[in-house]
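Reading the structure
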Amino acid sequence: AQKVTQAQTEISVVEKEDVTLDCVYETRDTTYYLFWYKQPPSGELVFLIRRNSFDEQNEISGRYSWNFQKSTSSFNFTITASQVVDSAVYFCALSEANNNNDMRFGAGTRLTVKP
Amino acid sequence: EAQVTQNPRYLITVTGKKLTVTCSQNMNHEYMSWYRQDPGLGLRQIYYSMNVEVTDKGDVPEGYKVSRKEKRNFPLILESPSPNQTSLYFCASSPGQGANTGELFFGEGSRLTVL
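Residues numbered from 1 in each chain as written. Chains lettered and ligands numbered in written order. Predicted model: local features only at pLDDT ≥ 70, side-chain atom pairs only at ≥ 80, totals over all residues. Heavy atoms only, no water.

1. A word on the overall build of chain A
- Along the backbone of chain A there are zero helices and 12 strands.
- Secondary structure elements in chain A, listed N-terminal to C-terminal, are β-β-β-β-β-β-β-β-β-β-β-β.
- Compactness check: chain A gives a C-alpha radius of gyration of 14 Å against a globular reference of 13 Å for 115 residues, within 12% of the reference.
- By its C-alpha atoms, chain A is 45 × 25 × 20 Å across when sized along the principal axes. (Helix = DSSP H or I, 4+ residues; strand = E, 2+ residues; numbered from the N terminus. Rg over C-alpha atoms; globule rule 2.2 N^0.38 Å.)

So this is what it looks like as structure tokens:
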């Protein structure tokens, strides 16, 4: 069965620090998709990235970067030079190609960036 | 503007009083789903729908019903709410045939309290 673990419940950093949010997943499928979503204090869920299992290239988008490593079943998210506006709950999610009705979310990591 | 709209956004009710949370999307998406968000548990899928008149259970369907009579609408029905259904509910839609074909577009959430 598919499972996503975000071991870090809460992280607190000071503005301009770099921070990495960990995501470890479990799946028996060879084809699957990984996602990150952001939930700011206002409560909405914002899509950040979708990555398929055949694409292990790291992705960079501005201050955000993602490190996908199949060998360790991890899809970690790094924010460089964090800002107060990055404060949010971040969710990692997994969906298997053979079970595309289901997206399994981790418990989330609450990031607080202090000025 | 492309969006998923949920109503009500906030509701306090009492045990046993039937209620419906509406969800409507204007993006002509075939796939829609309902999630509940609880502290420490992330988002868990309640029901999903692949298309009109096609619905199925997710991970936590007990105590809920859904219907999909029109492509744009996917209401969540609590026939006899209980306190353990106090939660934050999200409706989502996705282009394509499933949860992983693209990003999930989420509604703003409906916070339900059952006394």
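That shown, we press on.
2. Some points on unusual backbone geometry
- In this chain, B:N7 is followed by B:P8 through a cis amide linkage whose omega measures -5°.
- Tracing the chain through its elements places B:P8 in the loop between β1 (4-7) and β2 (10-13).
- Positive phi outside glycine occurs at A:S73, with the angle close to 50°.
- Tracing the backbone shows A:S73 in the loop between β8 (64-69) and β9 (74-79).
- Taking the relative accessible area as the measure of exposure, A:S73 reaches 24% and is therefore partly exposed. (Buried < 20%, exposed > 50% of the residue type's maximum accessible area, 1.4 Å probe, protein only.)

3. Here's the deal with the state of the cysteines
All names here are of chain A.
- For the coordinates displayed, the defined rule picks out two disulfides over all chains.
- Between the sulfur of C23 and that of C92 lies a disulfide, 1.9 Å long from S to S. An S-S torsion of about -65° defines the bridge between C23 and C92 as left-handed. On the criterion of sequence distance, the pair formed by C23 in the loop between β3 (19-21) and β4 (24-26) and C92 in strand β10 (residues 88-96) is long-range, its members being 69 residues apart. Comparing C23 with C92 shows no difference in burial state: the two are buried. (Disulfide = S-S within 2.5 Å.)

4. Section: the interface of chain B and chain A
- Each partner contributes to the interface: chain B provides 23 residues, whereas chain A provides 20 residues.
- Both faces combined, the contact of chain B with chain A buries some 1700 Å², and carbon together with sulfur accounts for 52% of it.
- Counting across the chain B and chain A interface gives one salt bridge.
- Put simply, B:D59 and A:R104 hold a salt bridge, and the shortest N to O gap is 3.3 Å.
- Across the chain B-chain A interface, the total number found is six residue pairs in polar contact (both at pLDDT 80 or more).
- A total of five residues in the side of chain B that touches chain A trace back to one element, the largest contributor, which is strand β5 (residues 42-51) of chain B. (Contact = heavy atoms within 4.5 Å. Buried area = accessible area lost by both parts, 1.4 Å probe. Salt bridge = Lys/Arg side-chain N within 4 Å of Asp/Glu carboxyl O. Polar contact = N/O pair within 3.5 Å; in protein donor to acceptor, adjacent residues only side chain to side chain.)

5. Describing the layout of surface pockets
- Taken as a whole, the largest pocket holds about 610 Å³ of empty space.
- Taken together, 32 residues make up the lining of the largest pocket; nearest its centre are A:Q39, A:V89, A:F91, A:R110 and B:Q37.
- Of all the secondary-structure elements, those providing two or more residues to the lining of the largest pocket are β10 and β12 (109-114) of chain A together with β4 (31-38), β9 (87-94) and β11 (110-114) of chain B.
- Of the residues forming the lining of the largest pocket, the biggest block, four residues, is contributed by β12(A).
- Split by residue class, the lining of the largest pocket holds 11 nonpolar, 15 polar and six charged.
- The space that makes up the second largest pocket amounts to roughly 310 Å³. (1 Å grid on protein atoms, 1.4 Å probe; cavity = no way out; pocket = protein on both sides within 12 Å on 5 of 7 lines; lining within 4 Å. Points joined across faces, edges and corners; volume = space filled by probe spheres on them. Nonpolar A, V, L, I, M, F, W, Y, C, P; charged D, E, K, R; others polar.)

6. Here's the deal with the environment of B:L76
- Considering the arrangement of structural elements, one finds B:L76 in strand β8 (residues 76-78).
- Not counting residues within four places of it along the chain, the set of residues in contact with B:L76 comprises B:L19, B:T20, B:V21, B:W34, B:I46, B:Y64, B:K65, B:V66 and B:Y89.

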